[in-house]
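Understanding the architecture of this molecule
Now for the letters of each chain:
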Amino acid sequence: MRHVKALVLTGFGLNCDYETDYSLKLAGAESHRIHINEIICGDGWGSGVKLEDYHILVFGGGFSWADDHGAGVLLGSKIGFNLREELDRFIGSGKLVIGICNGFQAIVNLGLLPGFNRNYRERRIALLPNASGNFINAWVRLKINPDSPCVFTRGIGEIELPVRHGEGNLYAADHDVQSLFDNGQVVAQYADTSGNPANGQWPANPNGSLRDVAAVCDPSGRIFGLMPHPEAFNHATNHPDWTRQREALRRQGRLLERTEGDGVRIFRNAVDYVRSTLLSLHHSTS
Amino acid sequence: MVARLEIALKETLLDADGAGIARKTRDYLGLNVDSVRVIRVLTFDAALDHDQLERARVDLFTNPVTEESSFASIAPNFDWLIWVGLRPGVRDTAGSTAAEAIEDLLKIRLRPHEGVYTSKLYAVIGSMSRAQAETMAKEILANEIIQQWRVFGLEEWEPAVGIGHVVPRVILNHKPQVGTIAIGSDDELKRISKKRNLALQETDIPVIRQYFLREDILADRSAEGLSLPTDVELEYISQSRSDHCNHNTFRGLFKYVDLSTGRREVVNNLFKTCIEAPTLDIQDQKEWVVSVLWDNAGVARFDDRHYYVVTGETHNSPSNMEAYGGSLTGIVGIYRDPMGTGKGSKLILGTYGFCVGPRDYQGELKPRLHPRRLLDGVIEGVKDGGNKSGIPTPFGQLLFHEGYMGKCLVFVTALGIMPATIGNESSHLKRTSPGDLIIMSGGRVGKDGIHGVTASSEAYTEHTPAGHVQIGDPYTQKKMHDFLLEARDENLIAFITDNGGGGLSSSIGESARFSNGARVDLDKVPLKYEGLDQWEIWISESQERMTVAVKPENLKRFMVLSAKHAVESTVIGEYNDSGYLKLDYQGKTCALIKMDFLQSGFPQWEFEAEWLPPHARGLHEPVLREPTKHGLLLKTMLSRPNLCCRNWVARQYDHEVQGGSVIKPLVGKGRDIPSDAVVLRPILESVRGLAVSQALNPFYSEIDTYHMTAVTIDEAIRRVLCVGGDPDHLGGVDNFCWPTILHHPDENPDGKYKAAQLVRANWALKDYCLAYRIPLLSGKDSMYVDGLLEGPFGERRKVSGLPTLLFTVSSVVRDIRTCVTMDAKFAGDLVYVLGETKNELGGGEYYQLMGKLGLHVPKVDPDVTWPLYRTFHEAIMKGLIASAHTVSRGGLGVHLALVAMAGPLGMEIDLEAVPAADDLPHSAILYSESAGRFIVTVDPEKKQAFEEHFSGMKIGCIGRTTESPLFRVKGRDGDWIMEENVHELKEWWKKPFGHLV
């Protein structure tokens with residue numbers, strides 16, 4: 001079987017590349033950390049990286065271009081001005097794009113999301129500064145929309161992940177928000193401890209996001225953007241309650257056996273999708 | 001052509017930034033501000049036509065979903081409009097990224113003198129006078145050291161003109177030239193040194209003169225066209241001999257006398273006797289200690305294939321001047337040390353420590369920045385520095401004391417990790433060799449950090465660079481970091497070090513010692529703007545730069561990688577074995593200094609140190625009768641500024657980036673109680689962990705700095721052991737911050753006492769590092785923690801900081817799955833105290849609450865504590881312990897409450913069961929700050945195993961956790977003396993700062 005290949009962008013202030021790459025590898029992908037300039041300039045640096053050789057493109061977390069002029073703005077414009085056609089082809093061939101935190105901010109600025117009517121060049125969503133006025137690092141509970149077409153969240157009902165951002169307050173015009181809900185493009189909402197939408201309450205909703213929206217996808221479900229960091233829950237010990245869970249297990253005479261973090265499920269879904277859809281398709285046509 | 005673009009959020013949207021400013025203006029200044037809206041301003045000083053500007057506006061700088069923008073004024077309704085921009089020469093990162101994006105969009109190159117500048121406009125609604133609006137600008141919106149502002153009222157506002165065009169471009173109009181300096185006599189040189197602000201040490205002057213008058217030196221110099229020393233040379237010597245670079249204080253000669261006994265002792269070189277000697281001794285026994293005492297940071301073994309790197313320092317004076325820029329530059333600066341250690345390491349963790357005046361200070365002294373505003377600034381600086389670098393900042397300190405109003409302390413610590421081998425060689429090794437090229441990578445050179453004193457006394461013009469203040473640029477440095485790691489992994493780096501204090505003069509001067517010589521073309525050094533003198537290029541402290549030695553055959557590949565990462569790298573000279581450091585400018589030599597000159601012949605600093613023991617100074621225990629309201633007392637203790645919740649700081653620091661967070665800064669069910677230490681998994685594929693803790697206890701210095709140091713080391717160790725750290729692997733980093741110790745009858749009349757305090761602290765450092773087998777992997781000292789503050793009558797009062805030691809301990813956890821947190825986990829668990837509680841409230845929080853100092857400061861007896869710690873560690877490894885917590889400032893009462901609050905669970909405690917002397921009163925059991933103690937909770941099923949494990953040691957089962965949320969304490973006579981709801985305790989604990997975001 002051919003490998004599922006993932007490309008994690010690096011450079012210009014992006015910074016979650018190592019753990020994102022690691023999570024993708026745990027999920028079974030052949031993952032590479034690739035500097036943005038290597039894709040733009042192709043052979044200039046001797047590596048000959050081509051976007052088309054990959055199945056999953058990751059815009060990861062970080063502070064690209066220091067987030068000057070709006071979070072993810074200059075990353076979006078850099079990719080837009082230099083790789084637009086390649087990106088169109090990538091999406092057009094049914095491949096996957098995930099934008100996490102700064103990457104989410106970038107792909108909404110690129111217009112990959114919301115992608116209404118498969119228009120991948122229009123900005124309709126913004127991620128504003130947190131309503132609290134400051135950066136926050138906190139774990140949140142996400143309620144996943146079971147009716148969303150998103151391929152990354154299949155089989156997940158709820159998941160806990162950390163957020164770490166200053167600009168995650170999702171905003172769009174009322175009718176666009178309604179369309180997101182109507183189309184099932186709202187993949188996840190911030191939820192309280194009982195699993196209900198947080199209703200704007202801080203810190204369950206850490207940024208004041210409209211209707212608690214934490215993650216959205218395009219109508220195809222193959223382009224996914226979220227503020228929380230699945231790659232930061234790559235191991236059981238990343239969870240803030242893990243020592244409590246371990247102690248509970250001990251008292252049942254058990255050990256902490258399952259060490260993979262829940263965040264990896266999101267990447268595994270992507271790998272499984274590529275394997276079952278894209279790779280098997282290639283097989284049948286070749 | 002100059003164009004000004006204004007961008008604002010659509011009026012219907014919440015302006016969170018503006019709302020925060022309005023809130024702060026009301027809270028801090030009591031001004032009548034209803035609302036503030038922020039307008040971003042971009043000023044383009046470039047030959048761009050209308051279409052190009054319009055494309056930039058639409059395609060780059062305006063978000064169509066949320067923003068509106070125009071090249072005309074867009075200010076909405078306002079009562080006051082305040083414009084704030086940077087002064088010329090202050091690093092404008094956003095301006096640079098804007099220029100970069102425009103070049104990318106339009107596929108053009110801006111010319112050298114073109115640029116983009118960012119500034120902000122604040123549209124304020126509120127009924128204020130002009131003077132009040134000015135105050136708001138000065139106190140909330142801007143810092144005059146780095147920023148300029150203008151206030152517009154409605155009457156004077158002309159929408160067509162708007163705020164006009166301000167272009168803060170640096171124009172020096174200066175032709176660089178080398179000066180020579182007369183050395184006819186010592187007095188003459190002294191006079192010139194003073195006039196030119198060379199800051200040469202007085203005792204160094206004869207040595208410097210003798211050097212330049214030596215026959216052989218004169219001959220060598222004459223061959224290069226030099227005779228009298230040049231300003232480049234003397235500036236270089238002055239930098240290298242400064243206390244900052246050379247640690248003259250710690251290498252000084254101390255004549256110590258105990259005035260109570262008359263006993264005299266001469267301590268020759270604190271560094272050698274108290275830091276180097278014990279560390280070398282311990283290094284011999286600990287195979288995991290890889291490299292100490294010479295490089296930018298210490299190196300220790302993490303596992304078979306990796307080393308970790310650790311160092312710490314302070315950035316006090318700059319932060320005191322410009323809080324945000326100072327702390328930002330501090331944290332970004334310390335990150336370059338691990339990058340420049342060995343062949344270079346990847347940054348994995350940063351920590352912070354802020355010591356400032358009381359946040360609500362309302363006294364009569366007038367510091368330049370109110371402690372509250374200063375604290376806001378230093379917190380934000382570390383936030384931007386850490387978060388934008390992609391390095392977790394999971395641990396830190398915040399301490400309030402009026403002594404820090406003279407000068408605040410900003411501690412920064414950094415850890416990195418690197419492969420154990422690069423090429424076929426251990427990665428901690430590096431050297432320069434003749435023929436290696438000298439490359440400067442990263443930022444460019446400006447007047448940053450040159451002669452702060454001179455610069456601030458010059459008159460400002462609109463194009464004078466505010467050069468002495470530096471604003472760190474994490475973005476530029478992050479790119480450089482990524483680049484250098486790739487170059488390292490391809491084995492392209494022969495030597496690497498950072499440009500910090502002293503700039504190129506220090507990095508090249510020190511690296512050239514390996515090859516024994518170097519030659520530099522100063523004119524090849526890339527500059528931010530024209531017009532720098534040669535000596536300025538040589539000693540500028542412009543940030544985000546590394547000096548790298550690269551073999552000529554590796555140059556091409558090195559430059560390819562540099563370009564890929566969009567990092568500027570320039571060959572500026574080469575290493576040789578000439579025995580000389582030679583600096584050229586446009587082919588003409590402007591400095592020639594023998595390599596060994598700075599190593600030898602300079603006189604040692606000398607200090608008188610006079611000690612009087614605490615009782616001889618008249619200190620005594622206070623006369624206090626036992627309190628009767630124990631519940632109110634505990635709640636009051638929990639809301640003391642140095643014990644209460646300060647979570648707002650930790651929460652705004654990214655502590656999970658890099659994906660290896662194991663034990664976080666805030667723990668417990670509510671994820672809101674500070675952890676004893678943090679643990680991370682730096683190698684994601686491995687279950688090995690790195691544990692880090694810190695301790696800071698300057699209050700004990702008021703009694704005896706020896707015990708202050710002992711307790712601080714002891715606390716840091718206990719903290720790291722509590723999360724699962726290994727007692728056989730404890731690495732230390734000592735960061736001293738001390739008031740001036742050189743006696744002066746008028747300026748520093750108690751200097752001899754402060755010098756004795758420093759000697760005693762170092763004695764304890766040596767004694768306890770030996771006792772606990774802690775090598776000092778790194779450390780720094782920062783003296784002169786004093787300030788002259790204006791009082792109500794225009795007088796100036798000297799305020800000195802407490803003698804302060806921040807001690808950092810790193811440890812390795814073999815398997816992170818054994819780690820433990822401090823929160824009580826199950827109702828019905830047994831609560832134990834390990835270690836003895838003594839009558840040691842001196843300098844502690846309880847006495848402070850009573851307005852007393854006391855005499856009985858906590859002391860550490862390693863013969864008792866060390867066996868307990870080893871036994872404790874084995875208990876953690878055996879899984880006998882459900883939670884573990886260090887008893888530190890505030891004592892058992894405060895720390896039992898924290899363990900319960902983290903549950904959150906109730907607790908029933910019997911004070912009679914606490915291991916303590918029979919006559920110790922309740923207040924002492926609850927609030928004594930005796931060292932060497934832990935609170936642990938234990939599964940009742942494991943009671944027997946646990947107690948057998950600790951048999952023969954001073955431990956006590958003092959109670960149990962309960963489902964009921966009551967925190968109940970039984971006195972020694974069997975009566976309940978306290979019953980408080982844990983949730984109410986937490987409310988009191990959160991009361992002072994819990995609302996801050």
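This text gives an overview of the structure that appears in the document.

Definitions and cut-offs
Numbering of residues starts from 1 in every chain and runs along the sequence as written. Note on labels: chains are lettered from A, ligands numbered from 1, in written order. A pLDDT threshold of at least 70 governs which residues receive local features in this predicted model, and a stricter bar of 80 or more applies before side-chain atom pairs are shown or counted, although totals over entire chains, interfaces and linings include all residues. Side-chain metrics rest on all non-hydrogen atoms present in the structure, leaving aside hydrogens and water. Working definition: helices are DSSP H or I runs of at least four residues, strands are E runs of at least two. Numbering for both runs from the N terminus. Buried means the residue's accessible area, taken with a 1.4 Å probe over protein chains only, is under 20% of the maximum for its type, while exposed means over 50%, and partly exposed covers the values in between. Note on contacts: a residue pair is in contact if any heavy atoms of the two residues lie within 4.5 Å. Here the open area of atoms and residues is found with the Shrake-Rupley method and a 1.4 Å probe, where only the protein chains shown may cover a residue. We treat Lys and Arg as the positive residues and Asp and Glu as the negative residues; His and chain ends play no part in the count. Where a charge sits is defined by one atom per residue type, namely NZ (Lys), CZ (Arg), CG (Asp) or CD (Glu). Put simply, buried area is how much 1.4 Å-probe accessible surface two parts lose in total, over both of them, once they are put together. Every case where a carboxyl oxygen of Asp or Glu lies within 4 Å of a side-chain nitrogen of Lys or Arg is listed as a salt bridge. The criterion is simple. A nonpolar core is a set of buried Ala, Val, Leu, Ile, Met, Phe, Trp, Tyr and Cys residues joined through side-chain atoms within 4.5 Å. Think of it this way: DSSP has to see at least two bridges between two strands before they count as a pair. An axis is simply a line fitted to the C-alpha atoms; with a helix, the fit covers only the stretch in contact. Between two such axes, the angle follows the N-to-C directions and lies from 0 to 180 degrees. When an angle is under 35 degrees it counts as roughly parallel; over 145 it counts as roughly antiparallel; between 65 and 115 it counts as roughly perpendicular; any other value is oblique. Crossing handedness is read from the near helix: turned anticlockwise from the far helix by less than a right angle, it gives a left-handed crossing, and turned clockwise, a right-handed one. Any residue that is not Ala, Val, Leu, Ile, Met, Phe, Trp, Tyr, Cys, Pro, Asp, Glu, Lys or Arg is counted as polar, Gly included; the first ten are nonpolar and the last four charged. Note on aromatic contacts: the rings of Phe and Tyr and the six-membered ring of Trp form a pair at centre separations within 6.5 Å, being stacked when their planes are under 30 degrees apart, edge-to-face when over 60 apart, and tilted otherwise. What the arc describes is the spread of directions from the helix axis to the C-beta atoms. Within 3.5 Å is the distance limit for a polar contact, defined as a pair of N or O atoms, with the added protein rule that one can donate a hydrogen and the other accept it, and that residues adjacent in sequence qualify only through two side-chain atoms. Disulfides are defined in this document as cysteine sulfur pairs within 2.5 Å. Patch members must show over 30% relative accessible area and no salt bridge, and they are joined within 9 Å when carrying like charges or within 5 Å when they are nonpolar side chains of Val, Leu, Ile, Met, Phe, Trp or Tyr.

**As for the overall build of chain B**
- Along chain B, the regular secondary structure elements total 28 helices and 41 strands.
- With the C-alpha coordinates of chain B rotated into their principal frame, the extents come out at 85 × 75 × 60 Å.
- Expressed as a percentage of the 997 residues in chain B, the buried residues total 65%.
- Excluding contacts between residues fewer than 6 apart, the proportion of contacts in chain B whose partners are at least 24 apart in sequence is 81%.
- Surface summary for chain B: the accessible area is close to 34900 Å², and the carbon and sulfur share equals 49%.
- The positive charge centre, built from 110 side chains, and the negative charge centre, built from 132, are 1 Å apart in chain B.

**Here we look at the interface of chain A and chain B**
- Taken together, the contact between chain A and chain B spans 64 residues of the former and 83 residues of the latter.
- Across the chain A/chain B interface, buried area totals approximately 6000 Å², and carbon plus sulfur atoms make up 55% of it.
- Three residues stand out in chain A for area buried against chain B, namely A:His69, A:Arg244 and A:Arg251, and they jointly supply 13% of the buried area on that side.
- The interface formed by chain A and chain B includes eight salt bridges.
- Two residues, B:Asp654 and A:Arg164, come together in a salt bridge whose shortest N-O distance is 2.8 Å.

**Brief notes about the nonpolar core**
- Counting 176 residues, the largest nonpolar core has B:Phe354, B:Leu484, B:Phe558, B:Phe807, B:Phe872, B:Val936 and B:Phe967 as the members making the most contacts within it.
- The leading source of residues in this core is helix H22 (residues 751-772) of chain B, at 11 residues.
- Among residues more than four places away in sequence, those in contact with B:Val936 are B:Leu830, B:Val831, B:Tyr832, B:Leu834, B:Phe872, B:Ile881, B:Ser883, B:Ala884 and B:Phe946.
- A:Val186, A:Tyr273, B:Phe44 and B:Phe61 belong to the second-largest nonpolar core, a separate cluster that totals 105 residues.

**Re the sheet that holds strand E12 (residues 346-356) of chain B**
Residue and element names in this part refer to chain B.
- Spatially, the six strands line up as an open sheet ordered E9-E10-E11-E14-E12-E13, and their pairing is mixed. Because the sheet does not close on itself, it has two edges, and the strands there are strand E9 (289-291) and strand E13 (395-400). Here the strands of the sheet are splayed against their neighbours by 25° on average, with no regard to which way each runs.
- Looking at chain direction, strand E10 (residues 298-303) and strand E11 (residues 306-314) are connected through five bridges and run antiparallel. Directly across from Ala 300, in E11, lies its bridge partner Tyr 308.
- On the sheet, helix H13 (residues 371-387) packs against E12, E13 and strand E14 (409-419) and is oriented at approximately 175° with respect to E12.

**Comments concerning the pattern of salt bridges**
- Taken as a whole and judged by the stated rule, the model has 87 salt bridges over all chains.
- Notably, a salt bridge pairs A:Arg124 with A:Asp176, separated by 2.8 Å at the nearest N-O pair. A residue pair is termed long-range when its members are at least 10 positions apart, and A:Arg124 in the loop between helix H4 (102-110) and strand E5 (126-128) and A:Asp176 in helix H5 (residues 174-182) qualify at 52 residues.
- According to the relative accessible area criterion, A:Arg124 is partly exposed, its value standing at 23%.
- The salt bridge partner of B:Asp498 is B:Arg336, with a shortest N-O separation of 3.8 Å. Note that B:Asp498 is positioned in strand E18 (residues 495-498) and B:Arg336 in helix H12 (residues 323-339), a separation of 162 residues in sequence. In terms of burial, B:Asp498 and B:Arg336 fall into one category: buried.
- Overlapping salt bridges, with partners in common, bring together B:Glu224, B:Arg519, B:Asp521, B:Lys524, B:Glu574, B:Lys582 and B:Asp584 in one network.

**Remarks on the packing of helix H21 (residues 705-722) of chain B against helix H24 (residues 862-877) of chain B**
Residues and elements named next belong to chain B.
- It is at 10 Å that the axes of H21 and H24 come closest, and there the two elements cross at 15°. It follows from the interaxial angle that H21 and H24 lie roughly parallel. The handedness of the crossing between H21 and H24 comes out as left-handed. In contact with Asp 714, Ile 717, Arg 718, Leu 721 and Cys 722 of H21, H24 contributes Thr 865, Tyr 869, Phe 872 and Ile 876.
- Residues belonging to the contact of H21 with H24 are distributed by class as follows: six nonpolar, one polar and two charged.

**A few points about the packing of aromatic side chains**
All names here are of chain B.
- Per the stated rule, a full pass over the model turns up 35 aromatic pairs over all chains.
- Both rings, one in Tyr 352 and one in Tyr 653, keep their centres 4.9 Å apart while their planes meet at 75°; by these two values the pair is edge-to-face. One end of the pair, Tyr 352, is in strand E12; the other, Tyr 653, is in the loop between helix H20 (647-651) and strand E25 (661-663), and 301 residues separate them in sequence.
- Look at Phe 946 and Phe 950: their rings are 4.8 Å apart centre to centre, the planes differ by 45°, and that puts the pair in the tilted class. The same class applies to Phe 946 and to Phe 950, which are both buried.

**A few points about helix H28 (residues 982-990) of chain B**
All names here are of chain B.
- Val 982, Leu 985, Lys 986 and Trp 989 are the residues of H28 that are buried. The buried residues of H28 occupy one face: seen down the axis, they fall within an arc of 100°.
- Taking the backbone nitrogen of His 983 as reference, a side-chain oxygen 2.7 Å away marks Asn 981 as the first, capping residue of H28.

**Overview of the state of the cysteines**
- Taken as a whole and assessed by the stated rule, the structure comprises zero disulfides over all chains.
- Between B:Cys819, a free cysteine, and B:Cys722, which holds the nearest cysteine sulfur, the sulfur-to-sulfur gap is 12 Å.

**A short note on a negative patch on the surface**
- On the surface, a cluster of negative charge is made up of A:Glu52, A:Asp53, A:Glu85 and A:Glu86.
- Mapped onto the secondary structure, A:Glu85 falls in helix H3 (residues 73-92).

**Focus: the sheet that holds strand E8 (residues 264-268) of chain B**
Residue and element names in this part refer to chain B.
- Pairing is mixed across the open sheet formed by three strands, whose spatial order is E8-E7-E24. The sheet is open, and its two borders are formed by E8 and strand E24 (606-611), each paired with just one other strand. Each adjacent strand pair in this sheet contributes to an overall mean axis angle of 20°, direction not counted.
- For strand E7 (residues 253-258) and E24, the ladder comprises six bridges, and the chain directions are parallel. Bridging from a neighbouring strand, Asp 258 pairs with Trp 611 of E24.
- Along the sheet, H22 contacts E7, E8 and E24; its crossing angle with E24, the most-contacted strand, is approximately 85°.

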